[in-house]
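In case you want the letters, here they are:
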Amino acid sequence: MSDPATPPRSLAEDLRVRDDASLSVLLRSRPDLITPVPTDLTQLATRAGTRASVVRALERLDRFALQTAEALAVAADPATYDELLGLMAGDAGDPAVAGALPHALGTLRDQALVWGGDDRLRLVRTARELLVPAPQHPSPTGLGPTVREATAGMSPGRIQEIVTAAGLASTHDAVSAVASLSALFTDRRRMAALLADTPEESREVLSRLVWGPPYGQVTADPAPHLRRLLDLGLLLPTTPGTVVLPREVALHLRAGRAHRTTEPLPPPVEAASTHRPQVVDATAAGQAYTALATVEELLKDWDEGGPAVLRAGGLSVRDLKRTAVALDVPEPVAAFWVELAAAAGLLASDGEADERYAATPAYDEWLEQPVAQRWALLAETWLTATRTAGLVGGRDAKDRTLSTLGPGLDRSAAPEVRHRVLTLLAGLPQGQSPSAESVLARLRWERPLRGPQQDDDLRGRLARWALSEAELLGVTGRGALSEVGRALLGARLPEPVAQEPVGPGDKLPVHHHVASPPEPLSPAEQAVATAAAVRLLAPLLPDPLDHVLLQADLTAVAPGPLQRPLAAMLDVLADVESKGGATVYRFTPGSVRRALDAGRSASDLHAFLAEHSRTPVPQPLAYLIDDVARKHGHLRVGAASAYVRCDDDAVLNEILADKRAAGLRLRRLAPTVLAAQADPAGLLEGLRAMGFAPAAESAEGDVLITRADAHRTPPRTAPEPVPDGPPTPDATLLAAAIRAIRAGDLASTTPRKPSASAPAVTGGELPRTTSAETLATMQAAVLTGEALWIGYVNAEGSASQRVIAPVRVEGGFVTAYDHTADEVRTYPLHRITGVAELADDQI
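Residues numbered from 1 in each chain as written. Predicted model: local features only at pLDDT ≥ 70, side-chain atom pairs only at ≥ 80, totals over all residues. Heavy atoms only, no water.

Peer 1: Please clarify how the overall build of the protein should be interpreted in this entry.
Peer 2: A tally of regular secondary structure across the protein gives 33 helices and 27 strands. Expressed as a percentage of contacts within the protein between residues at least 6 apart in sequence, the contacts between residues at least 24 apart total 66%. Surface exposure of the protein reaches about 39,900 Å², of which carbon and sulfur atoms provide 54%. (Helix = DSSP H or I, 4+ residues; strand = E, 2+ residues; numbered from the N terminus. Contact = heavy atoms within 4.5 Å. Areas by Shrake-Rupley, 256 points an atom, 1.4 Å probe, with all protein chains shown as cover.)

Structural data, given as structure tokens:
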């Protein structure tokens, strides 16, 4: 066991002296470390040092914490806190850096990227390898290699020449010579004197390299001012024709700073404009209602079967354009609504041979919900969806076009970015809308770009899309977060953490460092937040109307949103002519026939209009309904291949004589029956184009009623978001994982008593004893109440070490309290590989 008073010699020992709260912070910030749960703290430390895990942890550091790690990577190993502060704040000091550094260092410690006390700070080896300057991957610090690294391949004679030229005493070996040169370059006074003796041209060369990149080109016969730098070792050759500025020299010229600019505090989110909160909420509520109307219109347009599914999946460019025209929105916005409807489970492919997109049964259930509840489903889906409509039209890694509803649109970072953007908006006073650039600058500080990411600022694009999509959905109004949006977010804001001045008696001003961004709400918390958002939104939405205004020009005006049954009937009986504050419907022969096809009679339509119109039913509209109803169903179309029958043979004669019927290839079977080679649907369409009002009939001769919502996909579940790594563990899982890790660590590190059969058993090996010895030791432990260390192999063949206190041994089984699992268990004796007694006072 580790002694808390002894400085840790490894990350595993450092973790061993941490309390449960500290381990909980580590596992919460790096959930990949407990997938699966490590067997002990040594395995946890090993996993925390793997390249993939360290890269993931570094990518989630804010800019100042990352700069702190970069400074440790170029510092001595180990480094003291004062050395780190000097690298971050420089020789002149910086109160802001001094105030923020303890928090940044604490973050690195919490995430097990740094371990050791303030007198021996160590960056984990993998992080140092990733951040240390190298020609293949230059450090953001702009520093080069140390003198020792740069002279590694240099001849001892050349090193002695440099030492002599610098005015140092010659040494007997290259190692001491390099150490002497390094000491010179790190001595501020002696280094200043050395540089004062160099020509101005030489110092100008150093100034061009000081902030990086530290490499330069020289000819085989360098100029005198370059030769002077090479002779003094202020520039050291790396490859033929290439020289490098040693790290120690650069730090002296930088006055000790590892970075040209340190950013201890996050840039503030600046307000671009201010509006009254009531205006923001009203604007957001109006946009929320428009969002619902847009989704309904989209799915209504696809009620009878939407566009075909491409062979590679997704929607064709042509179909997306048609959808955008139908919704009267730009194509990127149309792609957003289509993707959102699919993510909410309202839209899917039907799975037929001729696969098409259509509404799901969940859409019908959604339509029956209250308006605010329907909006909440869309908003909550948007918050958690990983599908990113903004990528539509771009190219994937194989240079294929990304299509709406197609593969390749999932970005696991999208939910986190949306949540963070809204949280930043929530941090502003009510009614203030932020500057988009200040939001992006804040996000870049919280997650700075590294390496290849700098060429593709995905988080920046996701943030821009989040701002525009939040406005489309009504989460924001006029760019400011609405009260409904705050409720949906949970209104959980980061609390500022004060950093006190360092050092006794210091008069430095207190600086505030924003705490880590809050985690997204759990499902239970989100349900509570969504319910609160629904309660706030409902009073802001307009009450649906139960009436329209009929006009003599065969139109009806809906002065506001209509009740669901009225809107559904009007959608069948009339065509939408214009939308806006008021919707204008137009009655046509085709629309009236559509209502009759849906099973309505002329008397039903007259009664419906009379009931729901605030004005008398105009005579032209009544005549239109009666005229279409009189002709409707006079012709009957069924399936032979297809046939037309009518009691009035004169009508059939008229059809046969019409040139437009040539494509239907009709022939008379009987005075009242015509046969066609077209299918029933084509025949119906052809006769309607000729001005007739045929009705389809079944094989039994009954009129078939067609409804607009006839086509639905089979029941479909909404697509699951693609997770961004392992989920953050909850408190219950963390407590169980920590208990298991500590118990496993106890089993692997507790000293054992040596025995004659296994005198050299160590913590990394399973004990090996005979069956007789195992049984005898177990029986003795039952009598004495002592704990034992056993090796156990379960039914799956997995071996483990356990610390148990035997209670009973009988029938080939031992019942014991398992300290590893913290519960009483029963083990078959034949699966125990061996047993060893623990040293005294270990349990």
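Right, picking up where we left off after that structure.
Peer 1: What is the right way to read the pattern of salt bridges from this model?
Peer 2: Pairs may arise between side chains of opposite charge once their charged atoms sit close together. Applying the stated rule across the entire model yields 37 salt bridges. Of the charged contacts in the structure, one is a salt bridge between Arg158 and Glu161, with a shortest N-O distance of 3.2 Å. A residue pair is termed a helical-turn pair when its members lie 3 or 4 positions apart in one helix, as Arg158 and Glu161 do in helix α10 (residues 156-165) at three residues. For Arg158, a relative accessible area of 23% corresponds to the partly exposed category. With a closest N to O distance of 3.0 Å, Asp627 and Arg630 form a salt bridge. You can see Asp627 and its partner Arg630 sitting in helix α29 (residues 619-631), three residues apart, about one turn around the helix. Among the charged side chains, a salt-bridge network with shared partners connects Arg158, Glu161, Arg227 and Asp231. (Salt bridge = Lys/Arg side-chain N within 4 Å of Asp/Glu carboxyl O. Buried < 20%, exposed > 50% of the residue type's maximum accessible area, 1.4 Å probe, protein only.)

Peer 1: Where do I start with unusual backbone geometry in this structure?
Peer 2: Peptide bonds are trans in most cases, and residues, glycine excluded, mostly fall at negative phi. Following Thr35, the chain continues to Pro36 via a peptide bond in cis, the omega torsion being 0 degrees. Residue position: Pro36 is located in the loop between α2 (20-29) and α3 (41-48). Of note, the amide linkage connecting Asp77 to Pro78 takes the cis form, showing an omega dihedral of 5 degrees. Within the element layout of this structure, Pro78 appears in the loop between α5 (63-74) and α6 (81-89). In this structure, Asp328 takes a positive phi of about 60 degrees despite not being glycine. Inspection of the secondary structure puts Asp328 in the loop between α17 (317-327) and α18 (331-343).

Peer 1: It is not clear to me how the sheet that holds strand β25 (residues 813-818) should be interpreted in this structure. Could you clarify?
Peer 2: Sheet strands pair by backbone hydrogen bonding; their relative direction is either parallel or antiparallel. Here we have five strands laid out as an open sheet, ordered β26-β25-β24-β23-β27, and antiparallel in their pairing. Here the strands that pair on one side only, and so sit at the sheet edges, are β26 (823-828) and β27 (832-837). The average angle at which neighbouring strand axes cross in this sheet is 45 degrees, direction not considered. Bridge analysis of strand β24 (residues 799-810) against β25 gives six bridges, and the strand direction is antiparallel. Within β25, the residue paired with Arg808 across the bridge is Thr815. The strands touched by helix α33 (residues 771-784) are β23 (788-793), β24, β25 and β27; relative to β24, the strand with the most contacts, the crossing angle is about 60 degrees. (Pairing = 2+ DSSP bridges. Axes fitted to C-alpha atoms, helices over the stretch in contact; angles between N-to-C directions.)

Peer 1: What's the story with the pairing of β24 in this structure? I'm lost.
Peer 2: Consecutive side chains of a regular strand alternate in pointing toward one face of the sheet and then the other. The pairing of β23 with β24 spans six bridges and is antiparallel. Looking at β24, one finds that Leu788 is bridged to Ile804. Hairpin remark: β23 followed by β24, antiparallel, with five residues in the connecting loop; positive phi at Gly797, about 85 degrees. The antiparallel pairing of β24 with β25 creates a hairpin that spans two residues between the two strands, and Gly811 there sits at a positive phi of about 60 degrees.

Peer 1: Even after reading the chapter, I still don't get the environment of Leu340, so can you show me in this structure?
Peer 2: Note that Leu340 resides in helix α18. Residue classification places Leu340 among the buried residues on the basis of a relative accessible area of 5%. Setting aside its immediate chain neighbours within four residues, Leu340 contacts Leu378, Thr381, Trp382 and Leu473.

Peer 1: Got a minute to help me understand the environment of Leu168 in this structure?
Peer 2: Positionally, Leu168 belongs in the loop between α10 and α11 (174-186). For Leu168, a relative accessible area of 14% corresponds to the buried category. The sequence separation of Leu168 and Leu181 amounts to 13 residues, and the corresponding C-alpha distance is 7.8 Å. Those residues in contact with Leu168 that sit more than four places away from it in its chain are Val163, Ser180, Leu181, Leu184 and Arg190.

Peer 1: Got a minute to help me understand the pairing of strand β21 (residues 673-676) in this structure?
Peer 2: The sheet contact formed by strand β19 (residues 642-645) and β21 spans four bridges and is antiparallel. The residue of β21 that forms the bridge with Ala642 is Ala676. The sheet contact formed by strand β20 (residues 666-670) and β21 spans four bridges and is antiparallel. Looking across to β21, one finds that Arg667 is bridged to Ala675. Hairpin connection from β20 to β21: two residues lie between these consecutive antiparallel strands.

Peer 1: Which parts of the structure should I look at to understand helix α25 (residues 523-537)?
Peer 2: Given 3.6 residues to a turn, an α-helix orients residues that are three or four positions apart in the same direction. Counted at 1.5 Å a residue, the expected span for α25 with its 15 residues is 21 Å, and the 21 Å between its end C-alpha atoms agrees. Here α25 has its buried residues at Gln526, Ala529, Thr530, Ala533, Val534 and Leu537. Buried residues along α25 cover an arc of 145 degrees about the axis, so they all sit on one side. Residues of α25 that are exposed and angled more than 90 degrees away from the buried face: Ala524, Val528 and Arg535. Those residues of α25 that are buried are in contact with α16 (277-301), α20 (371-384) and α24 (483-489). (Expected span 1.5 Å × (residues − 1). Arc of directions from axis to C-beta.)

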